[in-house]
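# A structural walkthrough
So you can see what is in the structure, the chains are spelled out below.
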Amino acid sequence: MAQVYRRLGAEEVTVVEMQQPAHEEPFVGEELATAFADEAIRVRTGAAARNATRDQPGGPVTLTLDDGTELVGDELLVAVGRTPRTDDLGLDTVGVGSGGYLDVDDQLRVAGVDGGWLYAVGTSTAARCSPTRAKYQARVVGDVIGDVDAAAWADHQAVPRVVFTDPRVAAVGRTEQQARDAAVDAKVVRVPLSSVAGTSLLGKGVSGTAQVVIDRSRRTVVGATFTGPEVGELLHAATIAIIAQVPIDVLWHAVPAFPTVSEVWLRLLEADRAVS
């Protein structure tokens with residue numbers, strides 16, 4: 001939204017954020033910070049808002065940060081997360097506490113309900129549930145309730161996520177740190193998006209990064225992150241590789257079309273072979 005307002009003509013835009021994009025690779029925050037700086041968008045990370053005031057209707061807004069800094073602007077856009085709206089659904093009548101997130105199993109069945117007939121999907125189940133994840137959960141629940149696949153289960157490791165900034169950010173699976181925290185013997189392979197001819201079709205000066213996290217012992221991909229224009233279109237191949245646990249040596253024979261950006265997969269596999 002910072003880029004939207006800047007490109008619509010706002011002379012100054014400042015983003016105040018506690019941290020760079022959480023739960024993503026560090027290079028994602030670095031590339032976004034560079035892109036924002038190129039558009040003269042100021043970013044204050046590691047800062048928290050203490051209070052906001054507007055002395056008169058239609059007048060300027062003053063935002064005071066925890067370090068005493070005051071930022072003055074015409075408007076203030078607040079985006080500080082989600083709160084589940086579960087307090088007026090009658091959940092207390094079936095023995096489930098209301099007002100908070102619902103505890104669900106891998107088939108999205110709400111815990112603590114006699115007979116196991118109640119299901120929940122989307123942001124009622126988790127603060128970081130994206131529309132992509134919610135749609136997937138709804139498919140799982142539909143299969144279970146409709147008895148299309150009574151054993152259907154919700155995967156938690158390979159749900160894709162896309163941030164529609166410029167450059168776009170697309171990721172699926174574990175980051176390097178998350179893999180190491182899970183005791184995975186992680187190997188990271190990273191190449192510039194410009195290493196393939198297909199990016200030239202997107203315009204001059206196209207930049208970005210492609211990275212995969214590989215489990216050394218199993219030789220499979222456990223995570224992938226892409227930055228750059230339209231990189232969300234690269235994500236499904238990564239999701240399939242992770243879900244199906246396709247061995248790297250098998251992926252080597254999945255030939256990408258030339259000239260397309262998807263050839264970056266070949267560059268990643270070549271880099272894997274070059275780095276022990």
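Scroll up a little and you will see the structure.
Everything in this summary refers to the structure shown in the same document. (Residues numbered from 1 in each chain as written. Predicted model: local features only at pLDDT ≥ 70, side-chain atom pairs only at ≥ 80, totals over all residues. Heavy atoms only, no water.)

### Here we look at the overall build of the chain
In terms of regular secondary structure, the chain is built from seven helices and 10 strands. Its C-alpha atoms put the chain at 65 × 60 × 35 Å along the principal axes. In the chain, the proportion of contacts linking residues at least 24 apart, taken out of those at least 6 apart, comes to 52%. Of the side-chain charges in the chain, 25 are positive and 37 negative, and the distance between the mean point of each set is 5 Å. (Helix = DSSP H or I, 4+ residues; strand = E, 2+ residues; numbered from the N terminus. Contact = heavy atoms within 4.5 Å. Lys, Arg positive; Asp, Glu negative; His and termini not counted. Charge placed at Lys NZ, Arg CZ, Asp CG, Glu CD.)

### Points about the packing of aromatic side chains
Within the structure shown, the criterion is met by one aromatic pair. Between Arg273 and the ring centre of Trp252, over which it is positioned, the NZ or CZ distance is 3.6 Å. (Phe/Tyr/Trp six-rings, centres within 6.5 Å; stacked < 30°, edge-to-face > 60°. Lys NZ or Arg CZ within 6 Å of the ring centre and 35° of its normal.)

### Concerning the nonpolar core
Val172, Val212, Phe226, Leu234, Leu251, Val264 and Leu268 are the most contacted members of the largest nonpolar core, which totals 28 residues. Those elements that provide at least two residues to this core are β7 (168-173), β8 (186-192), β9 (209-215), β10 (220-228), α5 (235-243), α6 (248-251) and α7 (264-274). Ranked by residues supplied to this core, first place goes to α7 with five residues. Leu91, Val113, Leu118 and Ala120 belong to the second-largest nonpolar core, a separate cluster that totals seven residues. (Core = buried A, V, L, I, M, F, W, Y, C linked by side-chain atoms within 4.5 Å. Buried < 20%, exposed > 50% of the residue type's maximum accessible area, 1.4 Å probe, protein only.)

### Details of the environment of Arg139
In this fold, Arg139 is placed in helix α3 (residues 131-145). Separated by 18 residues in the primary sequence, Arg139 and Val121 place their C-alpha atoms 9.8 Å from one another.

### Side note on α3
With 15 residues, α3 extends 21 Å from end C-alpha to end C-alpha; this agrees with the ideal 21 Å at 1.5 Å per step. Directly after α3, the chain includes Asp147, whose backbone phi takes a positive value near 60 degrees. (Expected span 1.5 Å × (residues − 1).)

### Remarks on the pairing of strand β4 (residues 61-65)
Sheet faces and side chains relate simply in a regular strand, where the side chains alternate between the two faces. Taken across its five residues, β4 has five buried, putting it largely inside the fold. Here β4 shows a buried face lined by Val61, Leu63 and Leu65 and a second buried face lined by Thr62 and Thr64. Strand direction decides the pairing type here: strand β3 (residues 49-54) and β4, joined by five bridges, are antiparallel. When the bridges of β4 are listed, Thr53 appears paired with Thr62. Turn length for the β3-β4 hairpin, with the two strands adjacent in sequence and antiparallel, is six residues, and the turn residue Gly58 shows positive phi of about 80 degrees. Direction of pairing for β4 relative to strand β5 (residues 70-73): antiparallel, over a ladder of four bridges. Bridging across to β5, Thr62 finds its partner in Val72. Connecting the antiparallel pair β4 and β5 is a turn made up of four residues, with Gly68 showing a positive phi of about 95 degrees. (Pairing = 2+ DSSP bridges.)

### Overview of the side chain of Thr86
Tracing the chain through its elements places Thr86 in the loop between β5 and α3. On the basis of relative accessibility, which here comes to 2%, the residue Thr86 falls in the buried class. A polar contact of 2.8 Å, which involves the side chain of Thr86, links it to the backbone oxygen of Gly100. Filtering out sequence-adjacent residues up to four positions away, Thr86 remains in contact with Leu91, Ser98, Gly99, Gly100, Leu102 and Ser124. (Polar contact = N/O pair within 3.5 Å; in protein donor to acceptor, adjacent residues only side chain to side chain.)

### Topic: the pattern of salt bridges
The final tally for this structure, using the stated rule, is 14 salt bridges. When the shortest N-O distance is used, the salt bridge between Glu12 and Arg42 registers 4.0 Å. With a gap of 30 residues between them, Glu12 in the loop between α1 (2-7) and β1 (13-17) and Arg42 in strand β2 (residues 41-45) connect regions that are remote in the sequence. For Arg42, a relative accessible area of 46% gives the class partly exposed. Its salt-bridge partner being Arg267, residue Glu270 comes within 2.8 Å of it at the nearest N-O pair. One end of the pair is Glu270 and the other is Arg267, both in helix α7 and three residues apart, which spans about a single turn. With a relative accessible area of 32%, Glu270 lands in the partly exposed category. On the accessibility criterion, Arg267 (23% relative accessible area) is partly exposed. Through salt bridges that share partners, Arg7, Glu39 and Asp166 make up one connected network. (Salt bridge = Lys/Arg side-chain N within 4 Å of Asp/Glu carboxyl O.)

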